[in-house]
Amino acid sequence: MADTNLTAILYKKDDLRLEDLPVPEPGPGQVQLCMQQVGICGSDVHYWTHGEIGDFVVKAPMVLGHEASAVVSKLGPGVTSLQVGDRVAIEPGVPCRVCSYCKTGHYNLCLDMKFCATPPYNGNLARFYVHDADFCFKLPDNVSFEEGAMLEPLSVGVHACNRANVRLGSKVLICGAGPIGIVNLVTAKARGAAQVVITDIDQKRLDFAKSMGADAIIKVASPDAKAIASQVEEVLGSLADVTIECSGAPPSIRTAIYSTRSGGCVVLVGLGPDLVELPVVNAAVREVDIRGIFRYANCYPTALAMVASGKVNLKPMITHRFTLERSIEAFETAKRGEGVKIMISCSRE
Ligand code: NAD
Ligand code: ZN
């Protein structure tokens, strides 16, 4: 029997289908990948339920999925860095490589980025997929395919903690204990943060954060940002050196500013409404730096080294598992907000 390529295709809002597509052939510098594990990200669910995120609109059918691992099944012309049978994690964004952002190492800011499952580019929730070989990272034997897929969100944590300059002895506040808050928590701890306190409005998410190493948790029950900042100050014994905002909720961004010490840094990871009312004078006169992040650049090798060395353990984050055939059920589970990370296994049993 010839190989078939079962693929999860989002036709439009609320219209996700599983269909057989042709098996893609690798071009020069590319590899064909037999997909193994693909994690569901909030953005995949959002494209399914809303058909768009900001300026990115699903105008044509698009394959979902971008947190992925695979086995190399075929080499395109000129590929020497990988071999058939290699187990890899896939960095999902391939930039133009020639613009000034790419050339200065900030390729995450490339205007010509082709990122899996960001319209109009297809993702890799499929049996087979083709990707540029130099954006595939070989996994050592002690790193599982599920962990390989988790390197994608972990890279967001690596980049955010780099931008925040989390270091030995830092007191860190993380706002929001979703998957992105958790990868920031484990990265901050691995970088030697002395204390990490994490906030959320959901007690279950806070309990999970505690089990993943948070030194303290704060349940946010009111939009009074100054009151929550006082709680943070009490728990840490001072204001935070660094705050990493991972909810995108406007009251939480205000809390992030009030909770950060003078001369400290707030990193905005969460993406909420475009226009938000913030205490900017408070930040200005206390020299609190406010920095954004967009995905990551050059972070996969670090994320992989952290997992391979055991400095971080992401395994407890995977709470649900489905097969590719049951992808729609997996998306429905994600939409209900169950668990932390949902994994889809793409290999044939
Ligand atoms: P998520 O929705 O699972 O987690 C967000 C968490 O914030 C939830 O647990 C929610 O209960 C909590 N929350 C809501 N209001 C809050 C408040 N007022 N105070 C404290 N916590 C509050 O999402 P996620 O997958 O963890 O992603 C987090 C955010 O990061 C999203 O906005 C996502 O779009 C963004 N993100 C940004 C980048 C980037 O490159 N900048 C990359 C990945 C994700
Ligand atoms: Zn570029």
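Rules and cut-offs
- Residues numbered from 1 in each chain as written.
- Chains lettered and ligands numbered in written order.
- Predicted model: local features only at pLDDT ≥ 70, side-chain atom pairs only at ≥ 80, totals over all residues.
- Heavy atoms only, no water.
- UniProt positions renumbered as here; feature names shortened; annotations may be inferred.
- Near = heavy atom within 4 Å.
- Polar contact = N/O pair within 3.5 Å; in protein donor to acceptor, adjacent residues only side chain to side chain.
- Areas by Shrake-Rupley, 256 points an atom, 1.4 Å probe, with all protein chains shown as cover.
- Helix = DSSP H or I, 4+ residues; strand = E, 2+ residues; numbered from the N terminus.
- 1 Å grid on protein atoms, 1.4 Å probe; cavity = no way out; pocket = protein on both sides within 12 Å on 5 of 7 lines; lining within 4 Å.
- Points joined across faces, edges and corners; volume = space filled by probe spheres on them.
- Nonpolar A, V, L, I, M, F, W, Y, C, P; charged D, E, K, R; others polar.
- Axes fitted to C-alpha atoms, helices over the stretch in contact; angles between N-to-C directions.
- Left-handed = near helix turned anticlockwise from the far one by under 90°.
- Contact = heavy atoms within 4.5 Å.
- Pairing = 2+ DSSP bridges.

- The name recorded for the chain in an unreviewed UniProt entry is Sorbitol dehydrogenase, from Pomacea canaliculata.
- Per its UniProt entry, the chain bears the Sequence similarities (unreviewed entry) comment "Belongs to the zinc-containing alcohol dehydrogenase family."
- Recorded in UniProt under Cofactor (unreviewed entry), the annotation for the chain is "Zn(2+)".

## A look at the site of ligand 1
Right, on to step 1. Near ligand 1 there are 20 residues, and of these Ile-180, Asp-200, Arg-205, Val-269 and Arg-295 occur at the shortest range.
Right, on to step 2. Between ligand 1 and Pro-179 there is a distance of 3.2 Å, counted from an oxygen atom to a backbone nitrogen or oxygen.
Right, on to step 3. Ile-293 is positioned such that a nitrogen or oxygen atom in its backbone is 3.0 Å from a nitrogen atom of ligand 1.
Right, on to step 4. For ligand 1, whose free accessible area comes to 860 Å², the fraction covered by protein is 76%.
Right, on to step 5. Of all the elements in the fold, those that place two or more residues in the shell around ligand 1 are helix H4 (179-190) and strand E14 (195-200).

## Brief notes about empty space enclosed by the protein
Right, on to step 1. Throughout the structure, instances matching the rule amount to one cavity of 30 Å³ or more.
Right, on to step 2. Approximately 30 Å³ is the volume attributed to the largest cavity.
Right, on to step 3. What lines the largest cavity is simply Glu-91, Gly-93, Tyr-107, Asn-108, Met-113, Phe-115, Arg-295 and Tyr-296.
Right, on to step 4. When the residues that make up the lining of the largest cavity are grouped by side-chain class, the tally is four nonpolar, two polar and two charged.

## A word on the packing of helix H3 (residues 145-164) against helix H9 (residues 300-308)
Right, on to step 1. Following both chains from N to C, one finds H3 and H9 inclined at 115°, their axes separated by 8 Å at the closest point. Our pair here, H3 against H9, has a crossing hand that is right-handed. Taken together, the residues of H9 that come into contact with H3 (itself represented by Glu-147, Leu-151, Glu-152, Leu-154, Ser-155 and Val-158) are Tyr-300, Thr-302, Ala-303, Leu-304, Met-306 and Val-307.
Right, on to step 2. Considering only residue class, the contact of H3 with H9 consists of eight nonpolar, two polar and two charged.

## Structural notes on the sheet that holds strand E2 (residues 15-21)
Right, on to step 1. Taken together, the three strands give an open sheet; going across it, the order is E2-E1-E6, and neighbouring strands pair in antiparallel fashion. Each having just a single partner strand, E2 and strand E6 (62-63) make up the two edges of the open sheet.
Right, on to step 2. As paired elements, strand E1 (residues 5-12) and E2 share seven bridges and run antiparallel to each other. Bridging across to E2, Ala-8 finds its partner in Leu-18.

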